[in-house]
Amino acid sequence: MFTYFHSESQHNITEPSVMCSLLIVLEPLWLFSVTGGSSGIGKCIAIECYKQGAFITLVARDESKLVQAKKEVEKSAINDKQVVLCISVDVSKDYSQVESVIKQAQEKLGPVDMLVNCAGMSVSGKFEEVDVERFRGLMEVNYLGSVYPTRAVITTMKERRMGRVVFVSSQAGQLGLFGYTAYSASKFALRGLAEALQMEVKPYNIYVTVSYPPDTDTPCLTEENKTKPLETKLISETSGVCQPEQVAKVIVKDAVQGNFNSSVGPDGYMLSALTCGMSPVTSITEGLQQIVTMGLFRTIALFYLGSFDSIVRRCMIQREQSKAADKRE
Ligand SMILES: NC(=O)C1=CN([C@@H]2O[C@H](COP(=O)(O)OP(=O)(O)OC[C@H]3O[C@@H](n4cnc5c(N)ncnc54)[C@H](OP(=O)(O)O)[C@@H]3O)[C@@H](O)[C@H]2O)C=CC1
Ligand SMILES: CCCCCCCCCCCCCCCC(=O)[C@@H](N)CO
């Protein structure tokens, strides 16, 4: 069922599908919408915005997770006028469905001031071991699942000459890593989309933010760790594991400030400066920092790359040795 929840009442929407997204409104000025808002980073973003007085729409597929998340978000209300809406929809499948639920949400709460595209999933595994259908699936959820909600809100934002759009990429959207052929590509795609979109909408006072979190302690990471190749685990450990509350705080702060780039932790900072390329610059300080640090960070990066290559080589040798030992037995 495609269901739209509003406070206590539930209104069934006609389309047959499952999908959930989060829409948030910050009072008096801000209304937020967060896809992937029923769990992990998206839920923490919703809570963070709610604490600041926002109105929120949560978008995801699973209705029971949405209802549970709504209850959690409501605990951080700062006034009794705040509202959390839930929309159950698959953001990656049918554009007209996404457009129609977002329209309904906007009719209830008013125009979305900030859209956070956080719905996503990860798949890890060696290139030849990942089912080819998973490559399509990840592009659908992580890339098209961000295009559709953005398309659905951008016209109104342009008319109102205000708005914020956030794309949650990943550090794996800044560098390609062993085990992430499918995932990295879908996260790199968001960067291209965001850069092009920012150039189009900047004259309308709309600011785009791309967030690049490291491993973050969420149900998605727990699930991913069950099948993650050892190489991917060892390489990802470089950046450590963050808490979703911390990641959410950084994302909300950067989005509200209108920063194009949003990174977490020292490795995140270095990666963002190193991979800034032709991305928009938000302040003179940011531009100067990039110019000054680029050479140094590339030098550091070469050492990291050397250590990643040696992790991959060591794992390969170990696997071959244990295979040979198995054969001898
Ligand atoms: N955790 C990590 O280590 C990192 C995560 N990220 C990115 O952050 C984002 C959030 O991840 P995280 O919080 O860990 O993940 P979770 O699995 O905890 O949450 C994912 C959310 O997205 C929703 N969702 C998934 N697919 C769809 C869909 N097709 N349509 C609508 N909603 C959907 C889920 O709800 P439901 O399943 O009910 O639809 C859920 O609310 C993802 O884009 C992920 O790639 C980036 C870097 C690190
Ligand atoms: C100057 C250069 C500094 C270089 C630092 C390099 C650090 C590389 C670590 C990459 C970690 C990738 C985490 C992906 C998380 C993710 O998206 C999944 N967990 C999703 O589930």
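The name that an unreviewed UniProt entry assigns to the protein chain is 3-dehydrosphinganine reductase, with the source organism given as Pygocentrus nattereri. Regarding the protein chain, the relevant UniProt record gives this comment under Catalytic activity (unreviewed entry): "sphinganine + NADP(+) = 3-oxosphinganine + NADPH + H(+)". According to the UniProt record, the Sequence similarities (unreviewed entry) comment for the protein chain reads "Belongs to the short-chain dehydrogenases/reductases (SDR) family."

Caption draft 1: A look at the site of ligand 2. Close contacts around ligand 2 come from 16 residues, with S122, S170, Y183, D215 and E224 the closest. Interatomic distance of 2.6 Å between a side-chain N/O atom of S170 and an oxygen atom of ligand 2. One of the side-chain N or O atoms of Y183 is found 2.7 Å from an oxygen atom in ligand 2. Relative to its free-state accessible area of 610 Å², ligand 2 is covered by the protein chains to the extent of 96%. Taken together, the residues of the shell around ligand 2 sort by class into nine nonpolar, five polar and two charged.

Caption draft 2: Quick peek at the environment of T216. Secondary-structure assignment places T216 in strand 10 (residues 215-216). Residue class for T216 comes out buried when judged on its relative accessible area of 6%. Between the C-alpha atom of T216 and that of I311, which follows or precedes it by 95 residues, the distance is 22 Å. Beyond its immediate stretch of four places on either side in the chain, T216 contacts I41, L221, V241, C242, Q243, P244 and V247. Within the structure, T216 has its side chain in polar contact with the backbone oxygen of P214 (distance 2.8 Å).

Thresholds, definitions, all that
- For every chain, the first residue of the written sequence is number 1, and numbering continues from 1 onward in sequence order.
- To read the labels, note that chains go from A and ligands from 1, taken in the order they are written.
- Totals for whole chains, interfaces and linings use every residue, but because this is a predicted model, local features are given only for residues with pLDDT of at least 70 and side-chain atom pairs only at 80 or more, for both listing and counting.
- Calculated side-chain values reflect all of the structure's heavy atoms, with hydrogen atoms and water omitted.
- UniProt positions are given in the numbering used here, feature names are shortened, and annotations may be inferred rather than shown by experiment.
- We call a residue near a molecule or strand as soon as one heavy atom of that residue lies within 4 Å of the molecule or strand.
- Two N or O atoms form a polar contact when they lie within 3.5 Å of each other; inside protein one atom must be a possible hydrogen donor and the other a possible acceptor, and for residues adjacent in sequence the pair counts only when both atoms belong to side chains.
- What sets the accessible areas is the Shrake-Rupley method with a 1.4 Å probe; for residues, cover comes only from the shown protein chains.
- Each residue gets one of three labels, nonpolar for Ala, Val, Leu, Ile, Met, Phe, Trp, Tyr, Cys and Pro, charged for Asp, Glu, Lys and Arg, and polar for the others, Gly among them.
- In this text, helices come from DSSP runs of H or I with a minimum length of four residues, and strands from runs of E with a minimum of two, each type numbered from the N-terminal end.
- Here's how the labels work: a residue is buried when its accessible area is under 20% of the maximum for its type, exposed when over 50%, partly exposed in between, all with a 1.4 Å probe on protein chains only.
- Residues are treated as being in contact if the distance between any of their heavy atoms lies within 4.5 Å.

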